[in-house]
Amino acid sequence: MDRLLSMAVFVSAVEEGSLVSAARRFGLSPSMAGKHVSAIEGQLKVRLLQRSTRKLTLTDVGRSYYTRCKRLLEEYEDANREAQDAQQSVRGMLRVAAPTTFGALHLGRVVSNYLAEYPDVSIETTLSDRYVDLLADGIDIAIRIGRLQDSDLVARRLASCRMMFCAAPSFLARHGEPKTIEQLRQAPRLAFSQAVSAGDWSVTDANGQTYHIDGEIRLAANNMQMLLAAALTGAGVVYGPSFVFEQSIASGALRVLLADHKTTDLAIHAIYPSKRHVSLKVRRFIEHLSMSFGDTQPWDLMHRSTTA
């Protein structure tokens, strides 16, 4: 009996909750599906499933065996896809969604390199800070920053960024540099109005105590680039991700405030609908994202300053 098919039937029975459903997936009769599972148990001389008329229950051995079988089957599918990819070309329309400022500042280079390598691909990008429904909007892959919502989508972690408080030297010359959390609270704030991630305007001191900065909001906007422009003119203190402020900090146009305090780290993920049957154009784009935003992110100034 085909051992690989027997493993696949066993994994399917566990995931579907019944041998009948597993049999239907592989075009088998329920009795034949049961024989496949029994064949594995006979060869191993262990009980993997406890069967009843209503449900299947994994034994302790069966639970461990299921995990390993699932991993082996996924690797087998990946090997098949790689072999097929060698005979395929990357072509077609790729639809990508990303947060507005991140996309404008950092996605252009990735897209340009990808297009140069794959001339038969066209890319349509959607830059928006609203939540994008990949399936409803026909998006192949999306960049998400911060907390992920529970869903059936597949997430691949690409990088991280740090939230930070910044102000222009001109602002600090007029108002003084905030050295404490209370002083920071007194400063006029330039605030992003659509923040959804945990840790918005929060900071943790050396003792592990977290504080929320809730001072006056002088300017609220749903676009970080507008807030950056306002901060550069000295309008107030801005709070946002390091990938927005990196160039301004490096040039001295902005200064990081309370740099000895800890702020929130946000994960950056690539999101796509399904791990199975992922198109070659999507997989290759994820590879480009991963290479571009690898272990050392271009905006990770705090990391560079502490390791230099």
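Owing to the predicted nature of the structure, the values given are computational and were not obtained by experimental measurement.

Engineer: Just checking my understanding: could you explain the overall build of the protein for this structure?
Structural biologist: A count of helices and strands for the protein gives 12 helices and 13 strands. Within the protein, the fraction of its 308 residues that count as buried is 44%. For the protein, contacts bridging at least 24 residues in sequence account for 76% of all contacts bridging at least 6. As presented, the protein carries roughly 16600 Å² of accessible surface, and 49% of it is formed by carbon and sulfur atoms.

Engineer: Got a minute to help me understand helix H3 (residues 30-44) in this structure?
Structural biologist: Each α-helix winds once per 3.6 residues, and so residues spaced three or four apart point in a common direction. Helix length check: H3, at 15 residues, gives a terminal C-alpha distance of 22 Å against a target of 21 Å (1.5 Å per residue), a fit within 8%. Of the residues making up H3, those classed as buried are Ala33, Gly34, His36, Val37, Ile40 and Glu41. Relative to the axis of H3, the buried residues are bounded by an arc of 155° and lie together on one face. Trailing H3 by a residue or two, Lys45 shows a phi angle of about 60°, which is positive.

Engineer: I keep staring at the packing of helix H5 (residues 100-117) against helix H10 (residues 242-251) and nothing clicks. Help me out?
Structural biologist: Packed helices, taken two at a time, are described by the angle their axes make and the gap between the axes. Interhelical geometry of H5 versus H10 gives an angle of 50° and a closest axis separation of 9 Å. On the basis of their axis angle, the class for H5 and H10 is oblique. Residues Thr101, Phe102, Leu105 and His106 of H5 pack against Phe243, Val244 and Glu246 of H10. In terms of residue class, the contact of H5 with H10 is made up of 4 nonpolar, 2 polar and 1 charged.

Engineer: Just to check I follow, could you spell out the side chain of Ser242 for this structure?
Structural biologist: Checked against the element boundaries, Ser242 lands in helix H10. Discounting chain neighbours no more than four positions away, the residues touching Ser242 are Cys161, Arg162, Met164 and Trp299.

Engineer: Is there a simple way to think about unusual backbone geometry in this case?
Structural biologist: Note on backbone geometry: most residues besides glycine have negative phi, and most peptide bonds are trans. Although it is not a glycine, Lys45 adopts a positive phi angle of roughly 60°. Structurally, Lys45 can be placed in the loop between H3 and strand E1 (49-51). With a phi angle near 50°, Leu258 is a residue other than glycine that sits in the positive phi range. Inspection of the secondary structure assignment puts Leu258 in the loop between strand E12 (255-257) and strand E13 (265-272).

Thresholds applied
Per chain, the residues get numbers from 1 upward, laid out in the order the sequence is written. Owing to the predicted nature of the model, reporting of local features is limited to residues with pLDDT of at least 70; listing and counting of side-chain atom pairs is limited to 80 or more, with chain, interface and lining totals taken over all residues. For side-chain calculations, the full set of non-hydrogen atoms in the structure is used, while hydrogens and water are omitted. Numbering of helices and strands runs from the N terminus; a helix is a DSSP stretch of H or I covering at least four residues, while a strand is a stretch of E covering at least two. Remark: exposure states derive from per-residue accessible area (1.4 Å probe, protein chains only) relative to the maximum for the residue type, with buried under 20%, exposed over 50%, and partly exposed in between. In what follows, a contact means two residues having at least one pair of non-hydrogen atoms within 4.5 Å. Values of accessible area rely on a 1.4 Å probe in the Shrake-Rupley scheme; residue burial ignores everything except the protein chains shown. Expected span of a helix: the number of residues minus one, times 1.5 Å. Along the arc lie the directions from the helix axis toward the C-beta atoms. Working convention: axes come from line fits to C-alpha atoms, limited for helices to the stretch in contact. Angles between N-to-C directions cover 0 to 180 degrees. Roughly parallel means an angle under 35 degrees; roughly antiparallel means over 145; roughly perpendicular covers 65 to 115; every other angle is labelled oblique. Under the scheme applied here, ten amino acids are nonpolar (Ala, Val, Leu, Ile, Met, Phe, Trp, Tyr, Cys and Pro), four are charged (Asp, Glu, Lys and Arg), and all others, including Gly, are polar.

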